[in-house]
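# Residue-level structural notes
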Amino acid sequence: MAVSSLSITLSLILGVICVSSLLLNFTVIGTILLGGFASKKKGHIIYVLALTTLIGDVFQVTLTLCYLVPSAFAQDFLINKEVVKFLSFLFLTQWYQAMITQILTTASRLITLVFPHLNYLFTRKKTIIYCVSVVPVSLLLSVISNYIVPCCTPYIFYGTYSYAYLDLTENAFNYSEKYIDLELNGFTSAFSIVSYMIIFIQIHRNNKQVSKNLSSGNQVMRSRREIAYTVQFALLSCFTLFSWVTFHYFPLVVPEGVLAIFSATAYLHMFHCTATAICLFFMNREIGPFARKIWRKGPFTRITSVAYLSGNYTSGQNPSRSLP
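About the thresholds
- Residues numbered from 1 in each chain as written.
- Predicted model: local features only at pLDDT ≥ 70, side-chain atom pairs only at ≥ 80, totals over all residues.
- Heavy atoms only, no water.
- Helix = DSSP H or I, 4+ residues; strand = E, 2+ residues; numbered from the N terminus.
- Buried < 20%, exposed > 50% of the residue type's maximum accessible area, 1.4 Å probe, protein only.
- Areas by Shrake-Rupley, 256 points an atom, 1.4 Å probe, with all protein chains shown as cover.
- Core = buried A, V, L, I, M, F, W, Y, C linked by side-chain atoms within 4.5 Å.
- Expected span 1.5 Å × (residues − 1).
- Contact = heavy atoms within 4.5 Å.
- UniProt positions renumbered as here; feature names shortened; annotations may be inferred.
- Patch = residues over 30% accessible without salt bridge, like charges linked within 9 Å, V, L, I, M, F, W, Y side chains within 5 Å.
- Salt bridge = Lys/Arg side-chain N within 4 Å of Asp/Glu carboxyl O.
- pLDDT = per-residue confidence, 0-100.
- Pairing = 2+ DSSP bridges.

Looking now at the overall build of the protein. Along the backbone of the protein there are ten helices and two strands. Reading the protein from its N end, one meets helices and strands in the order α-α-α-α-β-β-α-α-α-α-α-α. Buried positions account for 52% of the 324 residues belonging to the protein. Within the structure as shown, the protein displays about 15,600 Å² of accessible surface, and the carbon and sulfur contribution to it stands at 68%.

See the structure below:
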């Protein structure tokens, strides 16, 4: 296929989304690191999980910007197909990592708000171990999906302006999709939906069960903060659901020859890779003020200002009142 006005338009839109996503993701990552929100001294485990997710998101967006955008623009693989297969392997590895990390995030919310007696399962040290352990598991799943099962490899594919299972013949059975991808994606979304339903029912019944050992004032603040975390990460689960559903089910409903519609999958995936940063930047009362300060201030004031504001936060002051 040759370069066309359609390929130019769709790839440029994707490129703009990718650049915007990287800027926002790096801003939030910098805020978490500079502000010590995931640190041992004053951090929260939810930010350890969020940081893991954000780093994976940056990898996905960078891969999309550096390969899918120019490939979709030129309507060509641009490089050897085996190299493309390896890039697709990396893409799939990180997707698996994102799915498993989402399961961990949901489980941490469920335990914190519904089963607080199991909080020992999500200490900071154990959470870091979980996040690190996800990487080899994801690599193994991706090796099986891309190189071991007979069919089929999910490629980053210019023809659909997103992703597609290639090497698929009419009579071939897609083991990768049926036994790995759909199973993991479906379980992740189902677990998230059921868990968040249980959480919101529990919240509605009795907010006081969040932490019985705190004083009433601190208890209310703690409860509201944990609920806010939960709402934010529940929204992230929605983006995940939209991304994988369009990838797997668009081919069943979209007419042949209308491949441009599949670009929606790439757009949704990039929004999925930006959703954590969006929620933390615009909705999170702890990260948001600091991240917006980083956005406004020059490079020489970032470290000191964020560290100062983070210190105010951990000492109990309202961070928004400390902002100039």
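Among the nonpolar cores identified, the biggest contains 69 residues, and Leu-14, Val-28, Ile-32, Tyr-163, Met-270, Leu-280 and Ile-287 are the most heavily contacted of them. Ranked by residues supplied to this core, first place goes to helix 2 (residues 45-74) with 15 residues. Core analysis: the next-biggest nonpolar cluster, separate from the first, contains seven residues, Leu-110, Val-114, Tyr-196 and Ile-199 among them.

Looking at the secondary structure, you find Cys-18 in helix 1 (residues 5-35). Relative accessible area serves as the criterion here: at 0%, Cys-18 is assigned to the buried category. Separated by 253 residues in the primary sequence, Cys-18 and Phe-271 have C-alpha atoms spaced 9.0 Å apart.

On to helix 7 (residues 263-283). The end-to-end C-alpha distance of helix 7 is 28 Å, a good match for the 30 Å that 21 residues give at a rise of 1.5 Å each. For helix 7, a buried count of 15 out of 21 residues is recorded, marking the element as mostly surrounded by other parts of the structure.

Turning to its location among the elements, Thr-240 is positioned in helix 6 (residues 216-253). Leave out the neighbours within four places in its chain, and Thr-240 touches Trp-95, Met-99, Gln-102 and His-272.

The next subject is the UniProt feature "transmembrane region" (unreviewed entry) in the protein. As recorded in UniProt, the feature "transmembrane region" (unreviewed entry) lies at residues 12-34, 46-74, 94-115, 127-149, 184-203, 227-247 and 259-283. Span residues 12-34 is 100% helix and 0% strand, its end C-alpha atoms 33 Å apart. End C-alpha atoms of residues 94-115 are separated by 30 Å, and the span's content is 91% helix alongside 0% strand.

Attention shifts here to helix 1. Between its terminal C-alpha atoms helix 1 stretches 45 Å, which fits the 45 Å expected from 31 residues at 1.5 Å a residue. Once helix 1 ends, the next one or two residues include Gly-36, with phi positive near 70 degrees.

So, on to unusual backbone geometry. Following Cys-151, the chain continues into Cys-152 via a peptide bond in cis, with omega recorded as 5 degrees. Assignment of secondary structure puts Cys-152 in the loop between helix 4 (124-148) and strand 1 (153-157). With a phi angle near 55 degrees, Gln-75 is a residue other than glycine that sits in the positive phi range. Note on placement: Gln-75 falls in the loop between helix 2 and helix 3 (81-113). With a phi angle near 75 degrees, Leu-78 is a residue other than glycine that sits in the positive phi range. With respect to the element layout, Leu-78 can be found in the loop between helix 2 and helix 3. For Leu-78, a relative accessible area of 47% gives the class partly exposed.

What follows is about a nonpolar patch on the surface. On the surface, Phe-200, Val-231, Leu-235, Phe-282 and Met-283 cluster together into a nonpolar patch covering about 430 Å² of accessible area. Listing elements by their share of the nonpolar patch, those giving two or more residues are helix 6 and helix 7. Its place among the elements puts Phe-282 in helix 7. Owing to a relative accessible area of 55%, Phe-282 belongs among the exposed residues under this scheme.

Turning our eyes to something else, we now look at the confidence of the model for the protein. Looking at the protein, the pLDDT average stands at 83 and 81% of residues meet or exceed 70. Throughout residues 298-324 the model reports pLDDT below 50, and contacts reaching past four residues in sequence, or to other chains, amount to 36 contacts.

A large share of strand 2 (residues 162-166) lies buried, amounting to five of its five residues. Sheet topology places strand 1 next to strand 2; five bridges connect them, and they run antiparallel. Considered in strand 2, the bridge of Ile-156 is made with Tyr-163.

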